[in-house]
Amino acid sequence: VKRRNSGAFSAAAACVCLVASACRPPDDKARDQRASASSWCATLRETVLDLRSRRIPPVFARDTFRQAREELSGELSRLHKLSARSTTAADAVPAVAEAERIAGALESDPTVDVEGRAARLAALGAQLSRGAGS
Amino acid sequence: VKGPLKVLLGIVTSICGFIEAGSLSTSAQAGAEFGMRLLWAIAIATVCLIFLVEMSGRLALVSKHSLVAAVRERFGFRFQAIPLGAEIVLDTLVLAAEIGGACVALQLVTGISYRWLAIAVGLLVWGLLWRGTFSLIENGVSALGLVTLAFVAATFVLRPDWRAVAGGLIPSVPEASGSLARYSFLAVSILGATISPYLVNFYSSGAIEEHWGEKDLVPNRITAALGMGFGAMISAAALIVAALTLAPRGIRVETFHQAALMLVPPFGSWGVPLFAAALFVGCLGAALEVALNLAYALAQSLGWNWGEDQKPHEDARFSLAYTVVILASSLLIVAGLNPLKLTLFSMALTVVVLPLVVLPFLELMNDPHYVGTYRNGWIGNLVVSVVLVAAALLALVVIPLEVAGGG
């Protein structure tokens, strides 16, 4: 009986948590997307600067740029979906779209305007992380 | 274990085999997102692990039973089927995560997608188990794990504020209220990555394979305490390095590519290759142990012939068990499961099922029929029970929150 009770308790706790988490406000979700996008901006910035100073292998940098573009594209589509219900999401859309474009450009040619792109990524990252704080 | 040299070898093996996909990724994520604040989770988990590993060795060398064999004998097969089922599911997921981690390590330096590499890595794991002996698996591959000491070296190169490091050993709540769920999820994942059920059963099965006896009680205690204690220092070092290099730059760890950047500030152009080597060796060693453990658990539960030192035709069902699980886990990676996300969730799930494995184990460790006069003290019973039950309850709360958060 004790084992059955503890199993029922666990199942009930899990159900309560699932219901509670499904009701998560869109602004909370948008903050997560902004934090992730901001992190990818920082990753792109570090990677392009490290590549220029030959501190990382070119093959690793290319792979990271590709991953960043794919992840930013995913964040962008999630923010688009949330933007009707959340201003935190809507505000982030232009910055994430620009970061995704820069990631694509770095994938094509990482040697062009390194300083300018790094500075822009830092600005986009800072803008996104401001809205990501709770 | 014979003589101080063997004890030393056991300690080095434990230290070098400590880092794998789970401990490395959870430490890197914790450091990148919360600085030093989750060091306490590694410390608590390590104390618990030392108790468990020492107990599993003691059980094996006094009773001549591995953990699984003793649980089956004491509680019967119908009871044993529950932890066995949980272990089969978990070990398959953890093995997939380790094979995936080794594949990503190769991707970091070759650019070839990890999905294409999964079958090759799976074949390497299978070939080493098929052709190798227990001491090759335990000592040979783990010795390569010396490369994971790069994280300890990086810590000293980066010169952390040791007061902040000490402050991280005291549990604290993060400032941002919205990050409490994430903080708790990472704490649970660290516990799961450190206290892996496979490690406990693997250790007791290894003691049987190596014919330990009662004379090895003291070496067992020394190996468990020093090996696991210093091994955990590598996990802590990875967390500190991530806190010093990734957190200030605003980089969170969502992929191993982001984690690899943590060794670039201390080691320059050696950083990414060193990270890849540490990840590959750690994951390869863990994959060998997890695959073997699953075969051990099945063979000991179902009464099959077993032993890594036997030829495959002498324990055909045992060899078939690890062959099938390696194939299944490799296919999960080929199918495109994200190794890092898989790692995190399998580590958190580990915590949920840990009480199923550990509570019967504690019962055995207090049964004079199995351990004679070498029964557990109340401190060991209390520490292990409280930590595991509290962690399992916390896991039940935070895992759904993380799933809904898109984790």
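## Thoughts on the packing of helix 5 (residues 77-110) of chain B against helix 16 (residues 316-334) of chain B
All names here are of chain B.
Turning to step 1, where the next piece is worked out: At a minimum axis distance of 8 Å, the contact between helix 5 and helix 16 shows a crossing angle of 60°. Considering their axes alone, helix 5 and helix 16 lie oblique with respect to each other. The interaxial crossing formed by helix 5 with helix 16 has right-handed handedness. Seen from helix 5, the contacting residues are Thr92, Leu95, Ala96, Ile99 and Gly100; seen from helix 16, they are Val325, Ile326, Ser329, Ser330, Leu332 and Ile333.
Turning to step 2, where the next piece is worked out: When its residues are assigned to classes, the contact of helix 5 with helix 16 shows 7 nonpolar, 4 polar and no charged.

## Details of the confidence of the model for chain B
Turning to step 1, where the next piece is worked out: Considering every residue of chain B, the mean pLDDT works out to 88; 96% of them sit at 70 or more.
Turning to step 2, where the next piece is worked out: Mean pLDDT across the elements of chain B ranges from a minimum in helix 1 (residues 3-16) of chain B, with 72, to a maximum in helix 14 (residues 264-267) of chain B, with 97.

## Some remarks on the nonpolar core
Residue and element names in this part refer to chain B.
Turning to step 1, where the next piece is worked out: The biggest cluster of nonpolar side chains holds 146 residues, and the ones touching the most others in it are Leu38, Leu129, Phe151, Met262, Phe275 and Ile326.
Turning to step 2, where the next piece is worked out: Looking at which element gives the most residues to this core, the answer is helix 15 (residues 271-302), with 20 residues.
Turning to step 3, where the next piece is worked out: If near-sequence neighbours (up to four positions away) are discounted, Phe275 is found in contact with Leu24, Leu108, Phe151, Phe256, Ala259, Ala260, Met262 and Leu263.
Turning to step 4, where the next piece is worked out: Counting 31 residues, the second largest nonpolar core, distinct from the first, contains Ala70, Val200, Leu388 and Ile399.

## Some remarks on the packing of aromatic side chains
To describe a pair of aromatic rings, you give the distance between the ring centres and the angle between the ring planes.
All names here are of chain B.
Turning to step 1, where the next piece is worked out: Considering all chains together, one arrives at 11 aromatic pairs over all chains under this definition.
Turning to step 2, where the next piece is worked out: An angle of 80° between the planes, with centres 5.2 Å apart, marks the rings of Tyr296 and Trp306 as edge-to-face. Here Tyr296 is found in helix 15, whereas its partner Trp306 is found in the loop between helix 15 and helix 16, with 10 residues between them in sequence.
Turning to step 3, where the next piece is worked out: By relative accessible area, which is 0% here, Tyr296 ends up buried.
Turning to step 4, where the next piece is worked out: Over the face of the ring belonging to Phe75 we find Arg74, whose NZ or CZ atom lies 4.9 Å from the ring centre.

## Remarks on the environment of Leu136(B)
All names here are of chain B.
Turning to step 1, where the next piece is worked out: In this structure, Leu136 sits in helix 7 (residues 134-144).
Turning to step 2, where the next piece is worked out: Among the residues examined, Leu136 registers a relative accessible area of 36% and is labelled partly exposed.
Turning to step 3, where the next piece is worked out: Taking the C-alpha atoms as reference, Leu136 lies 21 Å from Gly213; in sequence the two are 77 residues apart.

## Some details on the side chain of Thr155(B)
Turning to step 1, where the next piece is worked out: Summarising the element assignment, Thr155(B) is placed in helix 8 (residues 150-158).
Turning to step 2, where the next piece is worked out: Not counting the four nearest positions on each side in its chain, Thr155(B) is found in contact with Pro160(B), Trp162(B), Ala237(B), Ile240(B) and Val241(B).

Parameters and conventions
Residues numbered from 1 in each chain as written. Chains lettered and ligands numbered in written order. Predicted model: local features only at pLDDT ≥ 70, side-chain atom pairs only at ≥ 80, totals over all residues. Heavy atoms only, no water. Axes fitted to C-alpha atoms, helices over the stretch in contact; angles between N-to-C directions. Helix = DSSP H or I, 4+ residues; strand = E, 2+ residues; numbered from the N terminus. Parallel < 35°, antiparallel > 145°, perpendicular 65-115°, else oblique. Left-handed = near helix turned anticlockwise from the far one by under 90°. Contact = heavy atoms within 4.5 Å. Nonpolar A, V, L, I, M, F, W, Y, C, P; charged D, E, K, R; others polar. pLDDT = per-residue confidence, 0-100. Core = buried A, V, L, I, M, F, W, Y, C linked by side-chain atoms within 4.5 Å. Buried < 20%, exposed > 50% of the residue type's maximum accessible area, 1.4 Å probe, protein only. Phe/Tyr/Trp six-rings, centres within 6.5 Å; stacked < 30°, edge-to-face > 60°. Lys NZ or Arg CZ within 6 Å of the ring centre and 35° of its normal.

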